[in-house]
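# What the coordinates show
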Amino acid sequence: MTALAVRALLSGLIVALVALIARRSPAFGALVASLPIVSLLAMIWLWRDTHDAERLAAHVEATFWYVLPSLPMFLLIPAGLRHGIGFWPIVAAGCLVTFLLYLLTIGIAARFGVRL
C-alpha cells in the first residue's frame, strides 16, 4: 500500500508541476507535459514489480501505438477553443474523438498482426 501511495504522490506532483510551469509559460509547460514522464514512471514501476522483459516490451510497444491516435486531440481542443467552443464541450469532444481513434487503431493494428 505504501508503494501505491508513493506512486500516486509522485505522479500527482508531476501533474501539479506541469500546471504551475504552464501558468508562467504555456510553451514550456507543454514541453514538460509532452515528455514521456508518466510512461517512463509506468515502465519503472512495472519493471520493479515484475522484472518481466516481455511484459514490459509489450507495454512499451502498445504505448507507442496508443500515442498516435491521441495526437489529434491536441489539435482539436485548441482549434475548438479558438472558435468559441466552451472548454468542457471541446475536451469531451477531444476525448470522444480519441476513443474512436483508439478503436480504429486497434482494428487497423490487428490487420498487420499487432495485438493491442
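Residues numbered from 1 in each chain as written. Predicted model: local features only at pLDDT ≥ 70, side-chain atom pairs only at ≥ 80, totals over all residues. Heavy atoms only, no water.

### Here's the deal with the environment of Leu13
Threshold: A run of H or I in DSSP counts as a helix once it spans at least four residues, and a run of E counts as a strand once it spans at least two, with each numbered from the N terminus.
Relative to the helices and strands, Leu13 is located in helix H1 (residues 2-24). Separated by 65 residues in the primary sequence, Leu13 and Pro78 have C-alpha atoms spaced 25 Å apart.

### Focus: the packing of helix H3 (residues 37-50) against helix H4 (residues 53-70)
This is how the line gets drawn: Orientation is described by lines fitted to C-alpha atoms, with helices fitted over the stretch in contact, and by angles between N-to-C directions that extend from 0 to 180 degrees. Any angle between 65 and 115 degrees counts as roughly perpendicular, while under 35 counts as roughly parallel, over 145 as roughly antiparallel, and the rest as oblique. Take the far helix as your reference; a near helix turned counterclockwise from it by less than a right angle gives a left-handed crossing, and one turned clockwise gives a right-handed crossing. Contacts were defined at the residue level, with two residues in contact if any of their heavy atoms lie within 4.5 Å.
It is the contact of H3 with H4, at a shortest axis distance of 9 Å, that shows an interaxial angle of 165°. In terms of axis orientation, H3 runs roughly antiparallel to H4. When the axes of H3 and H4 are compared, the crossing they make is right-handed. Note on element contacts: H4 touches H3 through Ala53, Arg55, Leu56, His59, Val60 and Thr63, opposite Ser39, Ala42, Met43, Leu46, Trp47 and Thr50.

### Details of the pattern of salt bridges
Rules: The rule for a salt bridge is simple: a side-chain nitrogen of Lys or Arg has to be within 4 Å of a carboxyl oxygen of Asp or Glu. For every residue, the accessible area (1.4 Å probe, protein chains only) is compared with the maximum for its type, and the residue is labelled buried under 20%, exposed over 50%, or partly exposed between those bounds.
In the structure shown here, the tally under the stated rule is 3 salt bridges. For Arg48, the salt bridge is made with Asp49, and the minimal N-O distance between the two is 3.4 Å. Classification of Asp49 as partly exposed rests on a relative accessible area of 45%.

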